[in-house]
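Structural overview
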Amino acid sequence: MSYKLLTKPLSGEQIAIGPDVNSDQLMLALETSCDETAAAVVLNGRKVLSSVISSQIDIHQVYGGVVPEVAARQHLESINFVIDEALKKAGITINDVTAVSATLGPGLVGALLVGVSAAKAIAFAKNIPFIGVNHLKAHVCANYLDTELEPPFLCLLVSGGHTQLIYVKSYLDQHIIGQTVDDAAGEAYDKVARLLNYPYPGGPNIDKAAKNGNKKAYDLPISRVEGYNFSFSGLKTAVLRLLQKHRGDINSDDLSASFQEVVTEALLRKTLEASKEFNLNTLVLAGGVAANSGLRDKFFNLKDKYNVYAPPFAYCTDNAAMIGSAAYFVEGYYDLDVEVFSRG
Ligand code: KG4
Ligand code: ZN
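In what follows, the accompanying structure is described.

Conventions adopted
- Residues numbered from 1 in each chain as written.
- Chains lettered and ligands numbered in written order.
- Predicted model: local features only at pLDDT ≥ 70, side-chain atom pairs only at ≥ 80, totals over all residues.
- Heavy atoms only, no water.
- Buried < 20%, exposed > 50% of the residue type's maximum accessible area, 1.4 Å probe, protein only.
- Helix = DSSP H or I, 4+ residues; strand = E, 2+ residues; numbered from the N terminus.
- Polar contact = N/O pair within 3.5 Å; in protein donor to acceptor, adjacent residues only side chain to side chain.
- Donors = N, O, S within 2.8 Å, 3.2 Å for Na, K, Ca; no water.
- Contact = heavy atoms within 4.5 Å.
- Near = heavy atom within 4 Å.
- Areas by Shrake-Rupley, 256 points an atom, 1.4 Å probe, with all protein chains shown as cover.
- 1 Å grid on protein atoms, 1.4 Å probe; cavity = no way out; pocket = protein on both sides within 12 Å on 5 of 7 lines; lining within 4 Å.
- Sits in = over half its atoms within 2 Å of the grid points.
- Nonpolar A, V, L, I, M, F, W, Y, C, P; charged D, E, K, R; others polar.
- Phe/Tyr/Trp six-rings, centres within 6.5 Å; stacked < 30°, edge-to-face > 60°.
- Lys NZ or Arg CZ within 6 Å of the ring centre and 35° of its normal.
- Salt bridge = Lys/Arg side-chain N within 4 Å of Asp/Glu carboxyl O.
- Points joined across faces, edges and corners; volume = space filled by probe spheres on them.
- Domains from an automatic or database assignment.

**A few points about helix 9 (residues 293-300)**
Of all eight residues in helix 9, six are buried, a share of seventy percent or more. Those residues of helix 9 lying buried are S293, G294, L295, R296, K298 and F299. By the N-cap criterion, in which a side-chain oxygen at the helix start approaches the backbone nitrogen of a residue two or three places on, helix 9 is capped by N292, the distance to G294 being 3.1 Å.

As structure tokens, then:
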């Protein structure tokens, strides 16, 4: 059976939540792990009734990256507004919500505390269950939103902090079968973007530049790592060496295209190898780098041989709708005294 028993904080009464429960669940979900303040209302883990995101990108851009203290303060300023908007857009009030969830981690502790404290306060005041969500599991669950996808499947999760190949056996049972041994794919994008003097966040800017470049212009290495693991720090160093050698006489569009080609090739090669060993013909993309057009093109080209799923752009990068889905399908932290955590 796929459901969880949750406790209402004031009455102690238990309610069941999950795909095997007959009654409808209206989840209010919050996400404040990094630089987006987000709230969403999700019906039964799949149907997004509203998804509101207030981005801090322009605030952090002047620093070239996210400043944790600034992020936390900004979340505090935006959170109530974002919650009100999400409820309004969904056409409901706080009294209609049956459970409330928020990202517990991994992420920036000060930032996480804002969303988690708001969610706990709502849970307590309204006597509805609180569910703490793992951000990475939520990225995977973004693929359940507005689709019929069901496990088992193989998920390539590529975000700013993580690169993982996950065998999702059932809603509740996820196994990491490979991961990066150094930089995450998104981190590699952001670091190479900085070398090329592109503004933060670098990933989308490299993606844009790559569209105008020749992917065969520069010869960059694909690192060989054991099993289904990945490595991207050698690639970043190779880009740095190339820039030093040519002393500014480099075509940034060509270098972006060449870099993107190698990253996407490395990611998909391992995914296909794993799909064969685990005999899985449903492949799923998740995380911020799943918004990358080069990766998506290659991935969707597999559709003749595999069932392929990737979230729409708005659910690839950080959002609260995916938190609402994970809270329904996978998560299991319910106590109001549960703490946030920084590393996954
Ligand atoms: O999942 P996400 O929004 O936040 C984390 O949980 O880390 O991922 C952010 C990462 C950043 O490194 C950003 O540069 C990258 O996703 N990213 C992209 C694209 N859009 C976002 N990387 C490559 N191409 C893109 N279009
Ligand atoms: Zn994320």
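Next comes the rest of the write-up.
**Quick word on the coordination of the zinc ion (ligand 2)**
In the first shell of the zinc ion (ligand 2), the protein supplies H135 (NE2), H139 (NE2) and D318 (OD), at 2.0 to 2.1 Å from the metal. Using a relative accessible area of 7% as the deciding quantity, one classes H135 as buried. Accessibility expressed as a relative area gives 1% for H139, which makes it buried.

**Digging into the side chain of K8**
You can see K8 is positioned in the loop between strand 1 (4-7) and strand 2 (14-17). On the basis of relative accessible area, K8 is assigned to the buried category, the value being 17%. Setting aside anything within four residues of it in sequence, one finds K8 in contact with E13, I15, N127 and P129.

**Here's the deal with the site of ligand 1**
The full set close to ligand 1 counts 18 residues, and G160, D190, D207, G288 and N292 are the nearest of them. Separating an oxygen atom of ligand 1 from a side-chain N or O atom of H135 is a distance of 3.1 Å. Between ligand 1 and G186, the relevant distance is 3.2 Å, taken from an oxygen atom to a main-chain nitrogen or oxygen of the residue. Taking 550 Å² as the accessible area of ligand 1 by itself, protein coverage stands at 87%. Comparing atom positions with the cavity grids shows ligand 1 to sit within the largest pocket. Secondary-structure elements contributing two or more residues to the shell around ligand 1 are helix 4 (135-141), helix 5 (185-195) and helix 6 (202-210). Its residues assigned to classes, the shell around ligand 1 shows four nonpolar, eleven polar and three charged.

**A look at the packing of aromatic side chains**
Within this structure, the stated rule accounts for ten aromatic pairs. Seen from their ring centres, F299 and F300 are 5.9 Å apart, and the 70° between their planes marks the pair as edge-to-face. A connected cluster of aromatic rings, assembled from ring pairs, spans Y144, F153, Y171, Y328 and F329. If you follow R296 out to its NZ or CZ, it ends over the ring of F313, 4.6 Å from the centre.

**As for the pattern of salt bridges**
Taken as a whole, this structure holds nine salt bridges when the rule is applied. Salt-bridge contacts for D183 lead to K191; the nearest nitrogen and oxygen are separated by 3.2 Å. The exposure class assigned to D183 is buried, which follows from its relative accessible area of 6%. The class of K191 is partly exposed, set by a relative accessible area of 26%. Notably, a salt bridge pairs K236 with D183, separated by 3.3 Å at the nearest N-O pair.

**Remarks on the layout of surface pockets**
Taken as a whole, the largest pocket encloses approximately 1300 Å³ of empty space. Considering the residues around the largest pocket, the lining is formed by 39 residues, among which C34, S159, G160, G161 and D190 are closest to the centre. The set of elements that each furnish at least two residues to the lining of the largest pocket consists of helix 4, helix 5 and helix 6. Its residues placed into classes, the lining of the largest pocket shows 13 nonpolar, 17 polar and nine charged. Lining the lining of the largest pocket are residues from two domains, each supplying at least three of them: domain 1 (4-146 + 317-329) and domain 2 (153-311). Approximately 200 Å³ is the volume found for the second largest pocket. Around the second largest pocket sit 13 residues that line it, and K215, Q260, E261, G294 and D297 are the ones nearest its centre. Of all the elements in the fold, those that place two or more residues in the lining of the second largest pocket are helix 6, helix 8 (252-277) and helix 9. Considering every element that reaches the lining of the second largest pocket, the biggest residue donor is helix 9, with five residues. In terms of residue class, the lining of the second largest pocket is made up of three nonpolar, four polar and six charged.

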